[in-house]
Amino acid sequence: MSARRPWPCWLLLLPALLCGGAAGYVVVSSVSWPLPEAGAAADELHSSSTEEALPALLEEAGGLWKQSYPASAYREDAALGSGPAARRPGQGAAPSRMFSYRREGGAAPGRAGTARFLAQHNTWGFVATRAARGKIQGMPYGNCLLLSDGPINNSTGIPFFYVTPKDNTVTDLLKNPMASLTLPEADGNFCRRNVIDPEDPRCARLTLTGQMVTVPPEEMEFAKQAMFSRHPVVRKWPRSYEWFFMKMNIEHIWLQNWYGEVSPIAVEEYLKAVPSKG
């Protein structure tokens, strides 16, 4: 009596295929299969997992699905790791296969909402300035700074900072206020939960550029609430460092949340958007 053949791996994804969604891209399944080393089973898997031979059922469903990593990548990975020390005993022969689909209606409002989501939930960001002193004068200079766009229940999209003039970044800004601020999605749980590397383009990043200015007196109370509610420890920082509040007047916005696509977002659209993970 012949052995019963296992179900094809792609059939495990059918329940997710039937559940359409809102805007943007989502990771539907992240599953690892230990692949056979050789033989008929290995040949069958490779022949059925090429870009040209995706399961017919998935093709007939409107082309919503696509493999994020083509089968050729797994063969290359196996070839590179074919040495005696390439794999520990019991370790699978291929990395996880990540499947994703484009949700219908993924237009600009979804991108603006994602941008606001990143501004609301990031507690720090990477600030780039033009160096104003020393041997690197005139060259790009980067630094990580704590920030807040408001209390968690009152997001504004405008990043506020609590800084000292003794910081090189602040020295740069007092001479040239133009700066770039990058906020990575790696600070949250989305990328970790979906097993996405922080540098993977699906792990979104937001870049804001504009002028960094001292917070005016009429906004001082809000700036205190914004920073102290998200970073209570800063209240205890030494007063001798002459801390003060700055904010960014945003002029340009860029969001990357998929391969190769860096999308500009209008400032007005960004400020009106509701923070949401698109």
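In this report, we go over the structure that sits alongside the text. The structure presented is a predicted model; accordingly, all values stated were derived computationally and were not measured. (Residues numbered from 1 in each chain as written. Predicted model: local features only at pLDDT ≥ 70, side-chain atom pairs only at ≥ 80, totals over all residues. Heavy atoms only, no water.)

**Considerations on the overall build of the chain**
Okay, step 1: For the chain, the helix and strand inventory stands at nine helices and ten strands.
Okay, step 2: A total of 278 residues make up the chain; the buried ones form 38% of that total.
Okay, step 3: Sequence separation of at least 24 residues holds for 75% of the intrachain contacts in the chain that already meet a minimum separation of 6.
Okay, step 4: Carbon together with sulfur atoms contributes 58% to the accessible area of the chain, which is approximately 15800 Å² in total. (Helix = DSSP H or I, 4+ residues; strand = E, 2+ residues; numbered from the N terminus. Buried < 20%, exposed > 50% of the residue type's maximum accessible area, 1.4 Å probe, protein only. Contact = heavy atoms within 4.5 Å. Areas by Shrake-Rupley, 256 points an atom, 1.4 Å probe, with all protein chains shown as cover.)

**Points about the packing of aromatic side chains**
Okay, step 1: Taken as a whole and assessed by the stated rule, the structure comprises nine aromatic pairs.
Okay, step 2: Judged by centre distance (6.1 Å) and plane angle (25 degrees), the ring pair of Tyr162 and Trp237 falls under stacked. Highlighted residues: Tyr162 in strand 6 (residues 160-163) and Trp237 in the loop between helix 8 (220-230) and strand 9 (244-258), separated in sequence by 75 residues.
Okay, step 3: With a relative accessible area of 18%, Tyr162 lands in the buried category.
Okay, step 4: Among the aromatic residues, those joined into a cluster by ring pairs are Tyr162, Phe228, Trp237, Tyr241, Trp243 and Phe245.
Okay, step 5: One residue, Arg116, lies across the ring of Tyr270, its end atom 5.7 Å from the ring centre.
Okay, step 6: The ring centre of Tyr241 lies 6.0 Å from the NZ or CZ of Lys166, which sits over that ring. (Phe/Tyr/Trp six-rings, centres within 6.5 Å; stacked < 30°, edge-to-face > 60°. Lys NZ or Arg CZ within 6 Å of the ring centre and 35° of its normal.)

**Concerning the pattern of salt bridges**
Okay, step 1: Applying the stated criterion across every chain, the model contains four salt bridges.
Okay, step 2: Here Lys277 and Glu185 are joined by a salt bridge, their closest N and O atoms 3.0 Å apart. Residue Lys277 is found in the segment after helix 9 (267-272), and its partner Glu185 is found in the loop between strand 7 (178-184) and helix 7 (190-193); the two are separated by 92 residues along the sequence.
Okay, step 3: In this structure Glu185 comes out as buried when scored by relative accessible area, which is 3%. (Salt bridge = Lys/Arg side-chain N within 4 Å of Asp/Glu carboxyl O.)

**Describing the nonpolar core**
Okay, step 1: Phe161, Leu181, Leu206, Leu208 and Tyr270 are the most contacted members of the largest nonpolar core, which has 36 residues in total.
Okay, step 2: The set of elements that each furnish at least two residues to this core consists of helix 5 (108-121), strand 6, helix 6 (168-175), strand 7, strand 8 (205-214), helix 8 and strand 9.
Okay, step 3: Element by element, the count of residues in this core is highest for strand 9, at seven residues.
Okay, step 4: With sequence-adjacent residues up to four places away left out, Phe161 is seen in contact with Val127, Leu145, Leu146, Leu147, Leu181, Met212, Met227, Phe244, Phe245, Met246, Lys247 and Met248. (Core = buried A, V, L, I, M, F, W, Y, C linked by side-chain atoms within 4.5 Å.)

**As for the pairing of strand 9**
Okay, step 1: In terms of residue burial, strand 9 counts as a mostly covered element, since eleven of its 15 residues are buried.
Okay, step 2: In this sheet, strand 9 lies alongside strand 6 in antiparallel orientation, the contact comprising four bridges. Among the inter-strand pairings, Tyr162 is bridged to a residue of strand 9, identified as Phe245.
Okay, step 3: Here strand 8 pairs with strand 9 via ten bridges, running antiparallel. Looking at strand 9, one finds that Met212 is bridged to Met248.
Okay, step 4: Two strands pair when backbone bridges link them, and strand 9 and strand 10 (residues 261-264) are joined in this way by four bridges, in the antiparallel orientation. When the bridges of strand 10 are listed, Leu255 appears paired with Ser263.
Okay, step 5: Counted along the chain from strand 9 to the antiparallel partner strand 10, the turn is two residues long, and its residue Gly260 has a positive phi close to 70 degrees. (Pairing = 2+ DSSP bridges.)

**Brief notes about the environment of Tyr241**
Okay, step 1: You can see Tyr241 is positioned in the loop between helix 8 and strand 9.
Okay, step 2: For Tyr241, a relative accessible area of 37% puts it in the partly exposed group.
Okay, step 3: Expressed as a C-alpha distance, the spacing of Tyr241 and Val163, which sit 78 residues apart in the sequence, is 8.9 Å.
Okay, step 4: Those residues in contact with Tyr241 that sit more than four places away from it in its chain are Thr164, Pro165 and Lys166.

**Some details on unusual backbone geometry**
Trans peptide bonds make up most of the peptide bonds, and negative phi angles are found at most residues other than glycine.
Okay, step 1: Non-glycine residue Glu242 carries a positive phi angle of around 55 degrees.
Okay, step 2: With relative accessibility at 54%, the residue Glu242 sits in the exposed group.

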